[in-house]
Structure formats: C-alpha cells, structure tokens
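Working through the structure, step by step
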Amino acid sequence: MKGLSIYLNEPMTDETKEWLQRMRAVGFSSLFISLHIPEDDSSLYVERLQALGSVAKTLGYELVADIAPASLATLGKTWETAATLTEWGVTGLRLDYGISPQQIATLSNQMMVALNASTLTADELTEMKAQGLRIDQTEAWHNFYPRPETGLDRTWFDEKNVWLQAQGLRVQAFIPGDGTLRGPLFETLPTLEAHRNASPFASYIDLQSTVDRILVGDPRLTEATIRQFEAEQGGIIVLRALANGQQAQRETETNRFDPARDVIRSVESRMKPSTIDLTPQDPSARPLGTITIDNEKYGRYAGEVQITKCNLSADERVNVLGRVIEADQPLIARLGPGSKFRIEWVTP
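Let me sum up the structure you'll find in this document.

Rules used throughout
Residues numbered from 1 in each chain as written. Predicted model: local features only at pLDDT ≥ 70, side-chain atom pairs only at ≥ 80, totals over all residues. Heavy atoms only, no water. Phe/Tyr/Trp six-rings, centres within 6.5 Å; stacked < 30°, edge-to-face > 60°. Helix = DSSP H or I, 4+ residues; strand = E, 2+ residues; numbered from the N terminus. Buried < 20%, exposed > 50% of the residue type's maximum accessible area, 1.4 Å probe, protein only. Pairing = 2+ DSSP bridges. Contact = heavy atoms within 4.5 Å. Axes fitted to C-alpha atoms, helices over the stretch in contact; angles between N-to-C directions. Polar contact = N/O pair within 3.5 Å; in protein donor to acceptor, adjacent residues only side chain to side chain. Expected span 1.5 Å × (residues − 1). Arc of directions from axis to C-beta. Salt bridge = Lys/Arg side-chain N within 4 Å of Asp/Glu carboxyl O.

Once that is clear, we can look at the packing of aromatic side chains. Summed over all chains, the structure comprises eight aromatic pairs. Aromatic pair Phe32 and Phe174: ring centres 5.3 Å apart, planes at 70 degrees, arrangement edge-to-face. Taken together, the residues Phe32 in strand β2 (residues 30-34) and Phe174 in strand β7 (residues 170-175) connect sequence positions 142 residues apart. A single burial state applies to Phe32 and to Phe174, both of which are buried. Considering the side-chain rings of Phe201 and Phe229, the 5.2 Å spacing of their centres and the 90 degrees angle between planes classify their relative orientation as edge-to-face. Here the residue Phe201 occupies a position in helix α7 (residues 200-207), and Phe229 occupies one in helix α8 (residues 223-232), the gap between them amounting to 28 residues.

Pairing is mixed in the open sheet, where seven strands are placed in the order β10-β15-β9-β14-β12-β13-β11. Sheet topology places β10 (253-254) and β11 (263-265) at the edges, where each strand pairs with a single neighbour. When β10 meets strand β15 (residues 340-346), the two strands line up antiparallel, connected through two bridges. Bridging from a neighbouring strand, Glu253 pairs with Phe341 of β15. Lying on the sheet, α8 is in contact with β9 (236-243) and β15; it crosses β9 at an angle near 145 degrees.

Time to look at the environment of Thr225. Tracing the backbone through its elements, the reader meets Thr225 in helix α8. You can call Thr225 buried: its relative accessible area is 0%. Along the chain, Thr225 and Ala285 lie 60 residues apart, while their C-alpha atoms are 29 Å from each other. The contact partners of Thr225, leaving out residues within four places of it in the chain, are Asp178, Pro200, Phe201 and Arg240. At 3.2 Å, the side chain of Thr225 and the side chain of Thr222 are in polar contact.

Quick look at unusual backbone geometry now. With an omega of 10 degrees, the peptide bond between Gly183 and Pro184 qualifies as cis. Turning to its location among the elements, Pro184 is positioned in the loop between β7 and α7. A positive phi angle, near 55 degrees, is found at Phe186, a position not held by glycine. Topologically, Phe186 is positioned in the loop between β7 and α7. Given a relative accessible area of 51%, Phe186 falls into the exposed group.

Compared with an ideal rise of 1.5 Å per residue, which puts 13 residues at 18 Å, helix α6 (residues 154-166) spans 18 Å between its outermost C-alpha atoms and is within 8% of the ideal. All buried positions along α6 are accounted for by Phe157, Lys160, Asn161 and Leu164. Relative to the axis of α6, the buried residues are bounded by an arc of 105 degrees and lie together on one face. Set apart from the buried face of α6 by more than 90 degrees, the exposed residues are Glu159, Val162 and Ala166. Elements that come into contact with the buried residues of α6 comprise β6 (138-141), β7 and α7. Here α6 starts with a cap whose side-chain oxygen sits 3.2 Å from the backbone nitrogen of Thr155, and that cap is Asp153. Just beyond α6, the residue with positive phi is Gly168, at close to 90 degrees.

Our focus in this paragraph is the pattern of salt bridges. The full count for this structure, using the stated rule, is 21 salt bridges. Linking Glu149 and Arg147 is a salt bridge whose minimum nitrogen-to-oxygen distance equals 3.4 Å. Overlapping salt bridges bring together Glu62, Glu139, Arg170 and Arg213 as one network.

In structure tokens, the structure reads:
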C-alpha cells in the first residue's frame, strides 16, 4: 500500500484535487496529514481538514491524521470524541503522546489507530491489549526525519519491524519526495537515512518487502517519478538513463528467464533486428548500470541489448549506448528472471 502526505498550510485547490485524482489512478490509496502545528486561524484549520476529508472520501483515499492533544482541542474534539473525525473523512489517527493505553484501546474499536513504531515497547503493547486493543485495527508507524543524519539506521529498522509484525501489527514508513519539498530544511522527509538523497521510486521498491504501508513524506513528486509509479502498476520497472549516442528505443524489455550473473539480457532485442548501427564503436569500460548492444563482431549475438549488473571491462565486441542514472541503479538488482523493464532516456 502506498500513499502521500498533505499539509494544511494551503487551502484545497482545484490543482490539488486534480493531483490527488491522478495519483489515485497511479495506485496511491492513502493520505497522511500532520495536525501537530495548528494554523493561526482555527476556523481555517477545521475548514481545510474537512475539505481534504471530503475529497479523500470522494476519491477513495484512506486519511490518517497525526494528532496531539493541543491540535485535537483546536478541532473542538477530545479523546472521548476523537472517533467522530470519521464524519469529516478521517479514517485513522496516528497517536504518540498525551493519550492513555485505555483511550488508545477504546479508539481502536472505533477506527484505525497507528502507534509510534520506533518507540513502542512490549510492555506498552501488552497493557493496551489488556485494555482491549483491537490488533486488526492497529498499525505501527515510523516517523520521518527532516534533519540530515538523523534518519533511522537500516539494521535497527529491520529488526524492529520483524518484532512489530510478529505482534500482528502492520508497519508503515516514509520515503522522500523529489518534487516540492517540505520546509523548513527542504532536505527530504525519509524514515531511513539511507533514503535521504535516494530516488523515491527506488526507495519504495527497497521497502516493499519490509513494510506494509509506504508514504511519500514530502508534498510532491516529479513527473518522471510519477511515470515510474505508473509503469509499476503494469509490472514494469522504468530505468532512467543518459545516452552515449544512439538509443535503443523499445516500449518494454524483458530480462531472460535464465538470468545471467553479470548482466540483464533483453529478450526482445534478440527477437527483432536492431535499427542501430552495429559496426564496432570505440570500446569503453562498462561500470554497473551501463547499457550496451553487441556489435557485428559478436556474430549471432549482434543486436543484443544488455545492462551491466556489476563493473565490467571494455570489450571490442560491445558498443556502449549509455548508462542508468545513479539514482535508479539500485533498481537493476530488482530485475529478476522474466522481469519487465523500460529504459527512459533523459537529458543531463
């Protein structure tokens, strides 16, 4: 499950509605909103949340709000009446402090509740269960970390998630955006420090087998990244690349079902004659992510398109077409036997 983050510093506009509609079509199904910093005008605060809730309900989004006692009061609610936020389109609450185990357990019987994944202890969870916590309506959500160097350690994160999931909790984490970034630092909002400057899509693929819900922490994604998520809906991994000269243009490629150790081998490139000049070009080294085509010196292999999975030396029988950009190189390791992929040539 994947989702987006929305912030209430701006009113709901037609442009935002169109953005949410498009992202819903791309497979995003949940929205996160932080209510920790109330607006100066509390009436605007309520109005904007209600407007977002209405749009979320219309488009079929889950809407989870990160809430604290002060912001709850701003909304005119108490912990006893917090579940009535469902009337505004809010489907879940992320709870961190200022609420008792009994109140959390009670809320879990009325709506989805999300606990702080990083700080939750076994004793706290045991107490909530004793108070009647509904595990099937409870998730564990990690934070995002705006300041560089403060994101979570990967090993600790993975170990914590194993424990959380063993308790029956679904786990969530944030990945960075690459379009409009969130202030005041504008240095992305990931859960893992390793994702700080990583591609949002590569970060998403990296977390797919680890957590149950993945949210973009920053407000927006670039058009190129949206196309990657769009293609993934059809089981295709888009690799952005810089061309060295000629470009092998195909809609979709397939890695062979008998995967090579060192390279991704395009099935389609062997099935159709290449329109690219296959005369030998100046050979060059092939570092990880290099896109190549075998030239006429390779005999019956001529025309085969490959992507290197490791660093390889130059070969006079192989012409270099370009290289996958650094941000997308982690995706190469995700291309297993029969995986579909598409090369999208970009400008520097």
